[in-house]
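# Observations on chain architecture
Listed here are the chains, written in short residue letters.
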Amino acid sequence: MAADLKQLDVPDARFSCAGCGRCCSTSWAVTLDATKAEQLRKHAWNLPGGVDPFVEHKGPGGDFRLRMVDGHCVFLDADKRCRIHAELGYEHKPESCKAFPLQFGVSQGVSYARLSFYCPTVCKGEGKKLTEQMKWVRAAARATNAEERTEATTLDGARALGARDFAALHGALVSAASGGAPLHERLAAVAGTVRVLVADAAGGDPAPAIGPLIERAAALPLHERVARGLADGSASSGWSMVSLYLSTDARPTTAARLLQLARLRLSSIGLAQHHSAFLRASASASKRSRVRFTTDEASLARVDRYLQHKLAARAYLTGHPSVVQGVNSLFTALAVLATMARLSAAGAGRDATGEADVAAGLEAADLLVLEHATLGQTPSMGAALARLLADETLSASMLAFARFAEPASDQR
Ligand code: SF4
């Protein structure tokens, strides 16, 4: 449903296209309807072999998708410019191309904007402030066919949250994630707030009202929520979940993904290298685990910006009917970020991550887990993933695995 943008809550967001061509060289489907395809076909594209630039599309989003040739959009020229843009003008591009790196989610009648950190200028926070580009943001929100969530958001799959309760819980999570405490503690406080609430809301006949429970969880001293957020975390469970997402960091075929998963399993016992197609880097698990997730200010500020942006834009609601699943998905992205940043540093022979490694980790995390995830696209994998993400101890496992706080313990 097309909706006016009512909520733009993206701290420090900046974007100006640098023309790297990355968004035109991915495996996601850029869809368009038959009318738009017909209009574009009228232009003399003179494509090699006279191929039709569009391929029939069976899924949601449109009747056709842009044809990919040699790993990039058929309209991308040798100078990484879009031929539709260059030869016909910006207005003629498919809507999702015009909107990228913006994405939208509509929940309870409110359209939320968020940005893909897969775009390197967003990730680095370069370019024009988003708040100075509201004409484009609003036009993209109207034109994008963001589906409105019809099902109620639940706390844990069982307790439905009304708009007021969800707003109160969201406020409590944002508050736990903010402030001057170290990143690891703030993340543990977010996880702890959710876990306290799930435990308090369970059982009871009649079921307790959720509003006062949210207030109670949010008012608990930080150290109690941190302890709760770290309880029962297992680094090996964290790695199992992370490696599932990392299995999609391979060519988009089932065989390539299974091979990648096998390689990741072997790497955890020292028998194979972990290779990332996205980073074009390899290292053994032991080398990667020895890399310190550096505490330099710029890197931590970047991770923090990612966390705050994804929280503020309610990215954890995307595709997840429960807050537990959504928050676990956000924690998984952060664990993938830390893993990829370490792999990037280890592949280059360094023992601590630097700014470039953290930026690469952020881009990969958004690509593989949050904004463009391909894991879970089949119904069976989607159902299995939903079950894994429903485990409220998962966030603690992610924190145990990702080790945002030093000193290092003995993990993969
Ligand atoms: S990824 Fe970002 S910078 Fe690169 S072409 Fe796409 S919008 Fe432009």
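Residues numbered from 1 in each chain as written. Predicted model: local features only at pLDDT ≥ 70, side-chain atom pairs only at ≥ 80, totals over all residues.

## What to know about the domain arrangement of the chain
Rule in force here: Reported domain spans reflect what an automatic or database domain assignment gives. Once C-beta atoms have been placed from the backbone, residue pairs whose C-beta atoms lie within 7 Å are recorded as contacts. Note on conventions: DSSP H or I runs of at least 4 residues are helices, E runs of at least 2 residues are strands, and numbering of each starts at the N terminus. Ten residues, namely Ala, Val, Leu, Ile, Met, Phe, Trp, Tyr, Cys and Pro, are considered nonpolar, four, namely Asp, Glu, Lys and Arg, are considered charged, and the remaining ones, Gly among them, are considered polar.
Each domain of the chain was delimited in the assignment, giving domain 1 (5–149) and domain 2 (153–412). Averaged C-alpha coordinates put domain 1 and domain 2 at centres separated by 27 Å. Listed as interface residues are 22 residues of domain 1 and, on the opposing side, 19 residues of domain 2. For the side of domain 1 that touches domain 2, the secondary-structure elements that each account for two or more residues are strand S8 (102–107), strand S9 (110–115) and helix H4 (120–124). In terms of residue class, the side of domain 1 that touches domain 2 is made up of eleven nonpolar, seven polar and four charged.

## Remarks on helix H15 (residues 355–370)
Put simply, the rule is: One less than the residue count of a helix, multiplied by 1.5 Å, gives the span that helix is expected to have. Three classes are used. A residue is buried when 20 or more other C-beta atoms lie within 10 Å of its own, exposed when 12 or fewer do, and partly exposed in between, with C-beta atoms placed from the backbone.
Between the first and last C-alpha of H15 there are 21 Å, a value that for 16 residues agrees with the 22 Å anticipated at 1.5 Å per step. Burial analysis of H15 places 14 of its 16 residues in the buried class, which makes it a mostly covered element.

## Examining the sheet that holds strand S4 (residues 54–56)
Cut-off, in case you're wondering: A pair of strands counts as paired when DSSP detects no fewer than two bridges linking them.
Taken together, the three strands give an open sheet; going across it, the order is S3-S5-S4, and neighbouring strands pair in antiparallel fashion. Each of the sheet's edge strands pairs with one partner strand only, and the pair in question is strand S3 (31–32) and S4. Relative to strand S5 (residues 64–66), S4 runs antiparallel, the two sharing three bridges. The residue bridging Val55 from the neighbouring strand is Arg65, located in S5.

## Examining the site of the ligand
Spelled out, the test is: To decide nearness, the C-beta atom of each residue is placed from the backbone, and the residue is near a molecule or strand if that atom lies within 6 Å of it.
Within the structure, the ligand sits among Cys17, Ala18, Gly19, Cys20, Gly21, Arg22, Cys23, Phe100, Pro101, Cys119, Pro120 and Thr121. When the residues that make up the shell around the ligand are grouped by side-chain class, the tally is eight nonpolar, three polar and one charged.

## Quick look at unusual backbone geometry
At the junction of Phe100 and Pro101, the peptide bond is cis and its omega measures out at 10° in the coordinates. Relative to the elements of secondary structure, Pro101 occurs in the loop between helix H3 (95–99) and S8. Of note, the phi angle at Asp70 is positive, near 50°, even though the residue is not glycine. You will see that Lys80, though not glycine, has its phi angle at about 60°, which is positive. On the neighbour-count criterion, Lys80 (14 C-beta atoms within 10 Å) is partly exposed.

## Quick notes on the pairing of S8
Two faces make up the sheet, and in a regular strand the side chains alternate between them. Taking burial as the measure, the six residues of S8 include five buried ones, the bulk of the element. Bridge count for S8 against S9 is six bridges, and the pairing is antiparallel. When the bridges of S9 are listed, Phe104 appears paired with Ala113. Where S8 folds back onto S9 in an antiparallel hairpin, the turn is made up of two residues, including Gln108, whose phi is positive at roughly 50°.

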